[in-house]
Amino acid sequence: MKRNYKFIISYDGTRFYGWEKQPGKEMTIQGKLETVLSKMTNAPDDSPVSVIGAGRTDAGVHARATVANAILDTDMTEEEIQVYMNTYLPEDISVNEVRICSDRFHARYNALGKTYRYTVWYGISKPVFDRKYVTVLNQKPDVNKMRAAAQFLIGTHDYKSFCGNKKMKKSTVRCVDTINIEESGNYIRIYFHGNGFLQNMVRILTGTLLEVGYGNIPVDSVKEILEACDRQKAGPTAPPQGLCMMKVDY
């Protein structure tokens, strides 16, 4: 019997080329999920299982609780599906929940908001056990300046200056309603919440805020960078390993 299933998934993106399945690249999150589910349901080669994800994370980016859905033709229970997936998926992907959902549920189009966290670390020692999940800084940024600059980035704006896709033809207007910057010991964690994010957007926002923290970009200039709608005006794209998708709202 065909039903629509919703999955909550965690993954360590270190070894992967990102979420989206790509020709000639075996190591993608979507690709691994589809391979396992197609095998589980004995789907024909010309009609494999298609998995829809809430967002397309970049290569090296992690997820703590992303959401996906797929139509499956199976008599297995939700728990049996979860056990099967976690048995055959690689150790850096975990299916934390499997639930039958409405036939109309779509992990991407029904998402109302997403929370991302970017983590940086600074200090004279090394974050040995977190090294795959943080970006190590050479100097400590001024967090108060970063917080002041972040206020210019909150709201509904055209974020073209913070989009890594130069050929983007669709609207680059998004709503970012929260940017919280927390400091704890040697860690700085930046939380972004919005209704959607452009390609590389969180990483470019982070790179720009760090440049403000270093004193390379004046706080007030962030407003001008936003209004310029020019990627060249913004800061660098922060490395992928510090980024993690934390939650998807429905």
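Residues numbered from 1 in each chain as written. Predicted model: local features only at pLDDT ≥ 70, side-chain atom pairs only at ≥ 80, totals over all residues. Heavy atoms only, no water.

(A) Fine view of the overall build of the protein chain. Helix and strand counts for the protein chain stand at 5 helices and 10 strands. What you see for the protein chain is a C-alpha radius of gyration of 19 Å, in line with the 18 Å of a compact globule of 250 residues. With 250 residues in all, the protein chain has 49% of them scored as buried. Nonlocal contacts in the protein chain, meaning residues at least 24 apart in sequence, comprise 72% of its contacts between residues at least 6 apart. Surface summary for the protein chain: the accessible area is close to 13100 Å², and the carbon and sulfur share equals 47%. Side-chain charges of the protein chain comprise 33 positive and 28 negative groups, with the mean position of each set lying 5 Å from the other. (Helix = DSSP H or I, 4+ residues; strand = E, 2+ residues; numbered from the N terminus. Rg over C-alpha atoms; globule rule 2.2 N^0.38 Å. Buried < 20%, exposed > 50% of the residue type's maximum accessible area, 1.4 Å probe, protein only. Contact = heavy atoms within 4.5 Å. Areas by Shrake-Rupley, 256 points an atom, 1.4 Å probe, with all protein chains shown as cover. Lys, Arg positive; Asp, Glu negative; His and termini not counted. Charge placed at Lys NZ, Arg CZ, Asp CG, Glu CD.)

(B) Local environment of the packing of aromatic side chains. Per the counting criterion, the structure on display carries 5 aromatic pairs. With 6.4 Å between their ring centres and 35° between their planes, Y11 and W19 make a pair best called tilted. Take Y11 and W19: they sit in the same class, and that class is buried. Ring centres 5.4 Å apart and planes at 85° place the aromatic pair Y116 and F197 in the edge-to-face group. Taken together, the residues Y116 in strand β5 (residues 113–122) and F197 in the loop between β9 (187–194) and α4 (201–214) connect sequence positions 81 residues apart. (Phe/Tyr/Trp six-rings, centres within 6.5 Å; stacked < 30°, edge-to-face > 60°.)

(C) Focus on the pairing of strand β8 (residues 173–184). Bridge analysis of strand β7 (residues 155–158) against β8 gives 4 bridges, and the strand direction is antiparallel. Following the sheet pairing, T156 is matched in β8 by C175. Sheet topology note: the β8/β9 ladder contains 8 bridges and is antiparallel. Its bridge partner lying in β9, I179 is registered against F192. Linking two consecutive strands that pair antiparallel, namely β8 and β9, is a turn of 2 residues; a positive phi of about 60° is found at G185 within it. (Pairing = 2+ DSSP bridges.)

(D) View of the pattern of salt bridges. Tallied over the entire structure, the rule returns 8 salt bridges. Residues E20 and R56 are paired through a salt bridge, measuring 3.9 Å at the closest nitrogen-oxygen approach. With E20 in the loop between β1 (2–11) and α1 (29–40) and R56 in the loop between β2 (52–53) and β3 (62–73), the pair connects residues that are 36 residues apart, well separated along the chain. Note that E183 is salt-bridged to K140, the shortest N-O span being 3.4 Å. Pair noted here: E183 is in strand β8 and K140 is in the loop between β6 (135–137) and α3 (143–153), with a separation of 43 residues, a long-range link. (Salt bridge = Lys/Arg side-chain N within 4 Å of Asp/Glu carboxyl O.)

(E) Highlighting α1. The end-to-end C-alpha distance of α1 is 17 Å, a good match for the 16 Å that 12 residues give at a rise of 1.5 Å each. Burial within α1 is extensive, with 10 of its 12 residues counted as buried. When we look at burial in α1, the residues that qualify are I29, Q30, G31, K32, L33, E34, V36, L37, S38 and M40. The inward-facing, buried residues of α1 contact β1, β3, α2 (78–88) and β4 (93–101). (Expected span 1.5 Å × (residues − 1).)

(F) Quick look at the environment of C101. Within the secondary structure, C101 is located in strand β4. C101 gets classed as buried once you look at its relative accessible area, which sits at 17%. Taking the C-alpha atoms as reference, C101 lies 14 Å from A111; in sequence the two are 10 residues apart. Beyond its immediate chain neighbours, meaning those up to four positions away, C101 contacts N4, Y5 and K6.

Purely geometric numbers; function is a separate question.
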